[in-house]
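Below, each chain spelled out in residue letters.
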2 protein chains.
Amino acid sequence: MAATVVCASGNVEVVCESVRVTPAAKAPVCVLGTGLIGGSLLRAAVAAGYDAWGYNRSAAGAHAARADGFDVTEDLPATLTRAAAADALIVIAVPMPAVEHMVSSIAAFASHCALTDVVSVKAPVAAAVRAQGLSARYVGGHPMAGTSESGWAATDSDLFRGAVWAVGVDEGTHVDPWTRVVRLAIDCGSVVVPVLADEHDRAVARISHLPHVLAEALAAAGAAGGDLALGLAAGSFRDGTRVAATAPALVRAICEPNSAAILEVLEETLTVLGAARDSLRAQNSLADLVEAGHDARARYETTQRWEVTDVRPGDHNWLRNLRDAGLRGGVITRLD
Amino acid sequence: MAATVVCASGNVEVVCESVRVTPAAKAPVCVLGTGLIGGSLLRAAVAAGYDAWGYNRSAAGAHAARADGFDVTEDLPATLTRAAAADALIVIAVPMPAVEHMVSSIAAFASHCALTDVVSVKAPVAAAVRAQGLSARYVGGHPMAGTSESGWAATDSDLFRGAVWAVGVDEGTHVDPWTRVVRLAIDCGSVVVPVLADEHDRAVARISHLPHVLAEALAAAGAAGGDLALGLAAGSFRDGTRVAATAPALVRAICEPNSAAILEVLEETLTVLGAARDSLRAQNSLADLVEAGHDARARYETTQRWEVTDVRPGDHNWLRNLRDAGLRGGVITRLD
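Treat the numbers as computed from the prediction; the structure is a model and nothing was measured. (Residues numbered from 1 in each chain as written. Chains lettered and ligands numbered in written order. Predicted model: local features only at pLDDT ≥ 70, side-chain atom pairs only at ≥ 80, totals over all residues.)

### A word on the overall build of chain A
Which entries qualify depends on this criterion: Put simply, DSSP marks the helices as runs of H or I at least four residues long and the strands as runs of E at least two long, and each gets a number from the N terminus on. Partly exposed residues are those whose C-beta has more than 12 but fewer than 20 other C-beta atoms within 10 Å; 20 or more makes a residue buried and 12 or fewer makes it exposed, with C-beta atoms placed from the backbone. Working definition of a contact: two residues with C-beta atoms, positioned from the backbone, lying within 7 Å.
Across its full length, chain A holds 13 helices and 10 strands. Expressed along its principal axes, the backbone C-alpha trace of chain A runs to roughly 65 × 55 × 35 Å. A buried classification covers 57% of the 336 residues belonging to chain A. Sequence-distant contacts, at least 24 apart, represent 73% of the contacts inside chain A between residues at least 6 apart.

Below, the structure written as C-alpha cells:
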C-alpha cells in the first residue's frame, strides 16, 4: 500500500521518489504499559480489528486487563519476543521515567520491530531510542487525550476518538514505521498532526503542561481561602482546577522531562501576570491581560484544522512538507 | 412567618429575641438589569410563582425579554415607582460600574423597598448603598452561577438550581429584607452561604476572579504557540481557558472592583509559581507545587456542605452565628 497523504501547500514541486511500502495494514500491535493511555490504545486497536497484546509491570493491572478479555502479561521478555516474531508495531506507553528501561529491553528482544510511543514529551524519548541505536525504526507519537484518572480501570476504547495524535516527522524518519503509526492513530479515531519532536515539546508545554502548573496553583490559592472559599467555588474554579486531580506522580512524570520548554513559557507567564498585577495596582485595570486572553481564546475556538492531502510519504521533502503543514494547522485524516 | 434557620454551633447560648417577621412569602420582585444573571433570576422567580418584573437599559434587551413573555421595560422611574407601590424586593443586577446610578435612582423612587443585588463583589455595592442612606433595607447577595455567555439570550430559569448563593450577614442587617433575599435564593433552587461582605470579596478573589486571571494568561500563552499549539490543545487547555471566552468588559467589571483582594491572591500566586520555576530549574522538580495543588483539589472535592439548622433570624447574635457557620461550610437550605 502506498500512503498518499498529501500537502495543501500547492506551490511545492513534488519530485516523485516515493517507494511502494508494505506497512501491512493492521499489522500486529504490542503495547508496553496498559495504564490509561496504553490500555485504552489496546482496547481501541482490538476494537479496530488489530491483533494486539500487551505487557504491564504490575500484576494487578495485567490481571485486570486479562479479566476484561485482553491479552496482557507481566512477562516483558516474552511479550517482546512475541512482538519480534510477529513483526509487530511496539508502542511504549509507560511514564517517561520508565522509558529507558523499556527501550533497552526492546533493543535486547525486538530490535527490528517498528517502534512508537505515546509519552507526553518527544525529545527525551527520541534520545533514549537513539542511545539504543533504534532510531531507524522509531516514530514518536502523542495522542492528545486523557482524563484525570489513571490505570486500567479508566481505560476506554473511545478515548482517542476525535482527538489529535501528534506523529513525528523528524529528519531520518522512515516511511514504513511512520505509515504504521499514522494508520494506527487514524484507526483509533484520531487525526494526525505531523510535528518535529522539539516543536511538539514546546507546543505541549503551552497547552498541556502549563495548564497543569496553573491548575495546581489555582487549587492551592482556593484551598488557602478555607471552607468558605471552597464552598463558594463554582464553574470557573472547578474547570480551572480539574487537572489538579491527576495523581501527582503522573503530573511530575509528564512535566518534569519537559522542564526546558516549561521554564520558557512559565517565565513568559510570570511576566504577563506580573504586568497584570502592576496594571491592576497602578491603574486599577486588567485591560491588557483580559483583552489578550479573550482574543487568544477566540483564536483557539476558531482555529480550523485543514486536511493535508498532497504529501506522499517518501516523496522528496515529504518530512519537511508535513512538518510545515503541521505548523499551519494541517492534519492527516486518512491514508489512501 | 418566623424564619427558623439555625446554627450547628451547639454551644451557643441562644437568647430568644427573635421577632415575628412578615416577609410576605413570595413578595413581588423587581429586577434591575436583565442580562444573564438578572434575566435568569427574573425567569426563575416567575417560574417559582413570584410576581416579578424588570428594567433593562437597552431597548433590545428589554424587547427580547418582552418577546419571551416577561414584563420588562426601559423606563427605570416607572419600574421603581411600581416597586415602591407593591413593596417589592428590588434586585440590582447590573455590572458594578452601573451600580451607583441604580442605587441613586432607587433612593429617589423606591427608598423604602427591601434591596439586594447579584453583583460579584459585595463591599463596593454596600458602600454605594450606604452613600445613599439605604443600608437598613439592603442585604447583599451573590449567586455563584454563570456561563461565559451574556445577555437575555443566554438566560435560563434553572441557572441557579444547585448553586450556592452568598447572602450578607454584616452588622446592621435587618431580618425582614434578609429573610426575603434568602427565600428568593432558595426558591430559585440555590443553597445560601451567609457571609460578611469583606470575607466574601476575599473568597471570590480566590475562586472566581483568580480563575479568570489565570485563564486569560493561559489562553495568551497557548495562542503564542501558534496554530500548532492551538491545534494540539485538548481538554486541559480547553477547560483551563473556558472563562477567557467571557466578554472582556464583563470580566473587567467583575474583577476590577475587587482589586485589593485580587492583588493579595495574585501576589501569593506569583510567589507560588516563582518558587515552582526555581525548583524546576534547580532540582528539575515540581513536587511542592504538584502535591500542594493535588491536596487542595482533593479538599475541594471532598468539602462537605452542612445544613445550618439552629440560628433563628433576629435571635441574639444571629448574624455572628450565621457568619461563623458560613466560614465553616454551613449553608441554609430552607426557611421554616
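Here the narrative resumes.
### Quick word on the relation of the copies chain A and chain B
Under the convention used in this document: The atoms used to superpose the copies are C-alpha atoms, taken from residues with pLDDT of at least 70 in both, and the fit is least squares.
Between chain A and chain B, which share one sequence, the superposing operator has a rotation angle of 180° and an axial displacement of 0.0 Å; the RMSD is 0.0 Å. This pairing of chains is accounted for by a two-fold axis. Taking the C-alpha atom as reference, chain A places A:Gly240 closest to the rotation axis, 2.3 Å from it. By residue overlap, the copies meet face to face through one surface: 100% of the interface positions of chain A are interface positions in chain B.

### A look at the pairing of strand β8 (residues 191-195) of chain B
For a regular strand, the rule is simple: side chains alternate between the two faces of the sheet. Residues and elements named next belong to chain B. Formally: Any two strands are treated as partners once DSSP identifies two or more bridges connecting them.
The buried fraction of β8 is high, at five of five residues. What you see with β8 is no split at all: Val191, Val193 and Val195 on one side and Val192 and Pro194 on the other are buried throughout. As defined by bridge partners, strand β7 (residues 164-168) adjoins β8 across five bridges and the pair is classed as parallel. Counterpart to Val167 in the pairing with β8 is Pro194.

### Describing the confidence of the model for chain A
Residues and elements named next belong to chain A. Condition: Each residue carries a pLDDT value, the predictor's own confidence for that position, ranging from 0 to 100.
Chain-level pLDDT for chain A is 92 on average; 92% of the residues reach the 70-or-more range. Every residue in residues 1-24 is under pLDDT 50, and counting partners more than four places away or in other chains gives 64 contacts. Confidence estimates for the predicted assembly give a pTM of 0.88 and an ipTM of 0.89.

### Describing the interface of chain A and chain B
Cut-off, in case you're wondering: Here the nonpolar group is Ala, Val, Leu, Ile, Met, Phe, Trp, Tyr, Cys and Pro; Asp, Glu, Lys and Arg are the charged ones; every other residue, Gly included, is treated as polar.
Each partner contributes to the interface: chain A provides 89 residues, whereas chain B provides 89 residues. With 20 residues, helix α7 (residues 197-223) of chain A is the largest single contributor of residues to the side of chain A that touches chain B. Each residue belonging to the side of chain A that touches chain B can be placed in one class, and the counts come to 52 nonpolar, 19 polar and 18 charged.

### Let's talk about the pairing of strand β7 (residues 164-168) of chain A
The buried count for β7(A) comes to five of five residues, which makes it a mostly enclosed element. Going residue by residue along β7(A), you find A:Val164, A:Ala166 and A:Gly168 tucked away on one face and A:Trp165 and A:Val167 tucked away on the opposite face as well.

### Structural notes on α7(A)
Residue and element names in this part refer to chain A. Quick note on the threshold: Multiplying one less than the number of residues by 1.5 Å gives the expected span of a helix. Each residue is assigned a bend, namely the angle between axes fitted to the seven residues that terminate at it and the seven residues that start at it.
The terminal C-alpha atoms of α7 lie 37 Å apart, and with 27 residues this matches the ideal 39 Å at 1.5 Å per residue to within 8%. The sharpest bend along α7 comes to roughly 50°, located at Ala205. Along α7, 26 of the 27 residues are buried, which leaves the element largely enclosed by surrounding structure.

### Quick look at the sheet that holds strand β8 (residues 191-195) of chain A
Residues and elements named next belong to chain A. The criterion, for reference: For helices, the fitted axis covers only the stretch in contact; all axes are lines through C-alpha atoms, and the angles between them, taken along N-to-C directions, range from 0 to 180 degrees.
Strand order in the open sheet formed by three strands is β6-β7-β8, and the pairing between neighbours is mixed. With one partner strand each, in any of the chains shown, β6 (141-143) and β8 form the two edges of the open sheet. When the angles between neighbouring strand axes are averaged without regard to direction, this sheet yields 20°. Sheet topology places β6 next to β7; three bridges connect them, and they run antiparallel. Residue pairing in the sheet places Pro143 in a bridge with Trp165 of β7.

### A few points about the environment of A:Ser58
Residues and elements named next belong to chain A. Within the secondary structure, Ser58 sits in the loop between β2 (52-55) and α2 (59-67). Here Ser58 falls in the partly exposed class, since 14 other C-beta atoms lie within 10 Å of it. Through-space distance from the C-alpha of Ser58 to that of Gly33 is 9.1 Å; in sequence the pair is 25 residues apart.

### Quick notes on the domain arrangement of chain A
Bring the parts together and some accessible area is lost; that lost area is often taken as the interface size. All names here are of chain A. Counted only if it meets this: Boundaries of every domain are those given by an automatic assignment or by a domain database.
Partitioning chain A into domains gives domain 1 (29-195 + 305-331) and domain 2 (201-302). The straight-line distance from the C-alpha centre of domain 1 to that of domain 2 is 29 Å. Counting residues at the interface gives 10 residues for domain 1 and 13 residues for domain 2. Tallied by class, the residues present in the side of domain 1 that touches domain 2 amount to six nonpolar, three polar and one charged.

### Details of the nonpolar core
Quick reminder of the rule: One nonpolar core equals one set of buried Ala, Val, Leu, Ile, Met, Phe, Trp, Tyr and Cys residues connected by C-beta atoms within 7 Å.
By size, the foremost hydrophobic cluster in this structure holds 233 residues, and its most contacted members are A:Ile90, A:Val91, A:Leu232, B:Ile90, B:Val91 and B:Leu232. Two domains share this core, each providing at least three of its residues, namely domain 1 (29-195 + 305-331) and domain 2 (201-302) of chain A. Here A:Ile90 is in contact with A:Cys30, A:Leu32, A:Ala83, A:Ile106, A:Ala110, A:Cys113 and A:Leu115, once residues within four sequence places are set aside.

### Regarding the packing of α7(A) against helix α7 (residues 197-223) of chain B
To keep it simple, the criterion reads: With respect to orientation, any angle under 35 degrees is reported as roughly parallel, any angle over 145 as roughly antiparallel, any angle of 65 to 115 as roughly perpendicular, and every other angle as oblique. Helix crossings get a hand from a simple test, with the near helix turned counterclockwise from the far one by less than a right angle marking a left-handed crossing and a clockwise turn marking a right-handed one.
Viewed as axis vectors pointing N to C, α7(A) and α7(B) meet at an angle of 165°, and their least axial separation amounts to 10 Å. Taken as axis vectors, α7(A) and α7(B) run roughly antiparallel relative to one another. Crossing geometry of α7(A) relative to α7(B) is assigned as right-handed. Taking contact as the criterion, the partners of A:Arg206, A:Ile207, A:Leu210, A:Pro211, A:Leu214, A:Leu218, A:Ala221 and A:Gly222 in α7(A) are, on α7(B), B:Arg206, B:Ile207, B:Leu210, B:Pro211, B:Leu214, B:Leu218, B:Ala221 and B:Gly222. Looking at the contact of α7(A) with α7(B) residue by residue, the classes come out as 12 nonpolar, two polar and two charged.

### Notes on helix α13 (residues 318-327) of chain A
Along α13(A), seven of the 10 residues are buried, which leaves the element largely enclosed by surrounding structure. What α13(A) keeps buried is the set A:Trp318, A:Leu319, A:Asn321, A:Leu322, A:Arg323, A:Ala325 and A:Gly326. Turning to α13(A), the residues buried within the fold contact β8 and β10 (330-331) of chain A together with α8 (226-232) of chain B. Count one or two residues on from α13(A) and you reach A:Gly329, which has phi positive near 95°.

### What to know about the sheet that holds β8(B)
Residue and element names in this part refer to chain B. Taken together, the three strands give an open sheet; going across it, the order is β6-β7-β8, and neighbouring strands pair in mixed fashion. Edge positions in the sheet fall to β6 (141-143) and β8, since each has one partner strand and no second. Pairwise comparison of adjacent strand axes, ignoring direction, gives a mean angle of 20° for this sheet. Against the sheet, helix α6 (residues 175-187) touches β6, β7 and β8, its axis set at about 175° to β7.

### Observations concerning the environment of B:Cys30
All names here are of chain B. Along the chain, Cys30 turns up in strand β1 (residues 29-32). We classify Cys30 as buried; it has 27 C-beta atoms within 10 Å. Each C-alpha atom, one on Cys30 and one on Gly54, is 5.4 Å from the other, the two residues being 24 residues apart in sequence. For Cys30, the residues in contact, after removing those within four places along its chain, are Trp53, Gly54, Thr79, Ala83, Ala88, Ile90 and Val91.

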